[in-house]
Amino acid sequence: MIVENKKRIRREFQPLTTAVSLKILTPASPVSQVYDPVHEYNPDREITPLAIFPEVLADAEDGSWTTHRANKLLANMKWYVNNVDIATLPAWAGLFTIETLNDNRGAITISRNIPVEEKVELHFEAVIPDIRIGINVPVKTNTILLSTLDRADDTYQLSIGDDAIIKYNPFYDKLLMYDYKLANGMSAGTRDEALDGNAYERTVNLLVTKGAKQVTNGYAVELYRLTGQNKTLLSASDLDVISISNTKIVFDLRTVEKADYLILIKEGTKEVARQQCSVIRIYPPFTIEPLSSVSINPGETLHRNIASVHQNGEIIRIPEPIIRMLWFTDTANITGKEWQEGSRTVVELNRTGIGETYLDDWMDIYVAAEQKGAFYGLTDGINDYTDSIGNDYINY
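Because the structure is a prediction, the values reported are computed rather than measured.

Enquirer: Is there a simple way to think about the nonpolar core in this case?
Expert: Across soluble globular proteins, nonpolar side chains have a tendency to be buried as a group. Tyr156, Leu206, Leu223, Phe251, Tyr261, Ile263 and Ile265 are the most contacted members of the largest nonpolar core, which has 50 residues in total. Looking at this core element by element, the count peaks at five residues for helix α1 (residues 174–183). Formed by 30 residues, the second largest nonpolar core is a distinct cluster that contains Leu50, Leu74, Met77 and Ile114.

Shown next, in the form of structure tokens:
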């Protein structure tokens, strides 16, 4: 037997989507220190080291990536001080370790006290080996500032009442469903009932302390969107921000695919504290199939069907706000015939090509589907479209 013209066919995988954020693992030893001649450093990192964890999340839209917490896969891990590899700096020799063994792989533990006059911008870089497509995916955190103040009374600290990586899964968003039902004249309940930890309207509480006392005034809050090494100042007029105050920031997660944010606390023009957070939209696997497989009777002119959508073992009763669905039919005479978009379809049988004989009296019906991405603002290219009170119109 002769074998000729052998062709290799590979699986095609979607690229990885990554989100990286720096998390402080040592509440008793934050990024800021205080120095005074009596007590010297507080905290003293020689006694209470500082541990910073670069939390890395990874996912793929096609559901082929299973290691969502990807730290255990990291390779070529390096920490940089002011853009210089920390391992090459004599002043840091023997005063740091990098975790290589467990789920905190990549975490750095620092036992060096930072002098008042020294500015330390710290960031982490590594790669994730993606064996599906045979490449290394680079990951890089934003910078975090290590600093020392010379008076304990002037020390500000900022912490946020949420995970540093905010994960948004539209399948669990009751508020998104409430809006859809309300817009389509369906019974929706109350908005307060739909507001929970999975809603697109996500509140990040800000806890600001000065010394040992919590404060809510005497400072200003600035929010920036980070893009590489650039940052853009945001306000409540931006699509992904609902409001900013001294005690909380409210995000609109519908409009975010993936974003990194920097929160600054300023006293006058001076930065006194900062914190970072990230938002990532989750694309979990789901299944979809036509619900009806009832035979077509002679003389029928229409076929009606409904899409049955399942995610995480549950039926998605109203999938339209989350999933884009397009109906198709194949027959012996016409393949790939496109019909309506949505969870329901009405097929005109005389346009499908279905025949009257045993050889061509069949029709396959199926749904092409994908999870919808982030919402976007409607504009004429110059001006944003808004309603009568100035709210932006958004689409998906």
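Enquirer: How should I be thinking about the packing of aromatic side chains in this particular structure?
Expert: In this description, a pair of aromatic rings is defined by centroid distance and the angle of the planes. By the definition in use, this model includes five aromatic pairs. Ring geometry for Phe251 versus Tyr261: centroids 4.8 Å apart, planes at 50 degrees, classification tilted. Taken as a pair, Phe251 in strand β19 (residues 248–252) and Tyr261 in strand β20 (residues 258–267) lie far apart in primary sequence, ten residues in all. With a relative accessible area of 0%, Tyr261 lands in the buried category. The ring of Tyr200 has Arg254 lying over it, and the distance from NZ or CZ to the ring centre is 4.0 Å. If you follow Lys337 out to its NZ or CZ, it ends over the ring of Trp339, 5.6 Å from the centre.

Enquirer: In this structure, what is going on with the sheet that holds strand β26 (residues 337–341)? I would like to understand it.
Expert: Whenever strands of a sheet pair, they do so through backbone hydrogen bonds, lying parallel or antiparallel. Strand order across the open sheet formed by three strands is β26-β25-β28, with antiparallel pairing between neighbours. Pairing within the sheet leaves two strands with one partner each, and these edge strands are β26 and β28 (363–371). When strand polarity is set aside, the average angle formed by the axes of neighbouring strands in this sheet is 25 degrees. Judged from the nine bridges that link them, strand β25 (residues 323–331) and β28 form a sheet pairing that is antiparallel. Paired with Arg324 across the strands is Glu370, a residue of β28.

Enquirer: Could you clarify how one ought to interpret the sheet that holds strand β16 (residues 220–227) in this entry?
Expert: One open sheet accounts for five strands, arranged β13-β21-β20-β16-β17; its pairing is mixed. Two strands lie at the open edges of the sheet, namely β13 (165–168) and β17 (230–234), each paired on one side alone. Taken over all neighbouring pairs, the strand axes of this sheet differ in orientation by 30 degrees on average, direction set aside. Where β16 meets β20, seven bridges bridge the pair, whose relative direction is antiparallel. Opposite Glu222, over in β20, you have Leu264 as the bridge partner.

Enquirer: How should unusual backbone geometry be read in this particular structure?
Expert: Excluding glycine, a negative phi dihedral is what most residues carry, and trans is how most peptide bonds are arranged. Note the cis peptide between Asn42 and Pro43, where omega equals -5 degrees. Within the secondary structure layout, Pro43 lies in the loop between β3 (40–42) and β4 (50–59). Positive phi outside glycine occurs at Asn76, with the angle close to 50 degrees. By the secondary structure assignment, Asn76 is in strand β5 (residues 75–81). Given the relative accessible area of 58%, Asn76 is considered exposed. Even without glycine at this site, Asn82 takes up a positive phi of about 50 degrees. Structurally, Asn82 can be placed in the loop between β5 and β6 (84–85).

The rules behind each value
Residues numbered from 1 in each chain as written. Predicted model: local features only at pLDDT ≥ 70, side-chain atom pairs only at ≥ 80, totals over all residues. Heavy atoms only, no water. Core = buried A, V, L, I, M, F, W, Y, C linked by side-chain atoms within 4.5 Å. Buried < 20%, exposed > 50% of the residue type's maximum accessible area, 1.4 Å probe, protein only. Helix = DSSP H or I, 4+ residues; strand = E, 2+ residues; numbered from the N terminus. Phe/Tyr/Trp six-rings, centres within 6.5 Å; stacked < 30°, edge-to-face > 60°. Lys NZ or Arg CZ within 6 Å of the ring centre and 35° of its normal. Pairing = 2+ DSSP bridges. Axes fitted to C-alpha atoms, helices over the stretch in contact; angles between N-to-C directions.

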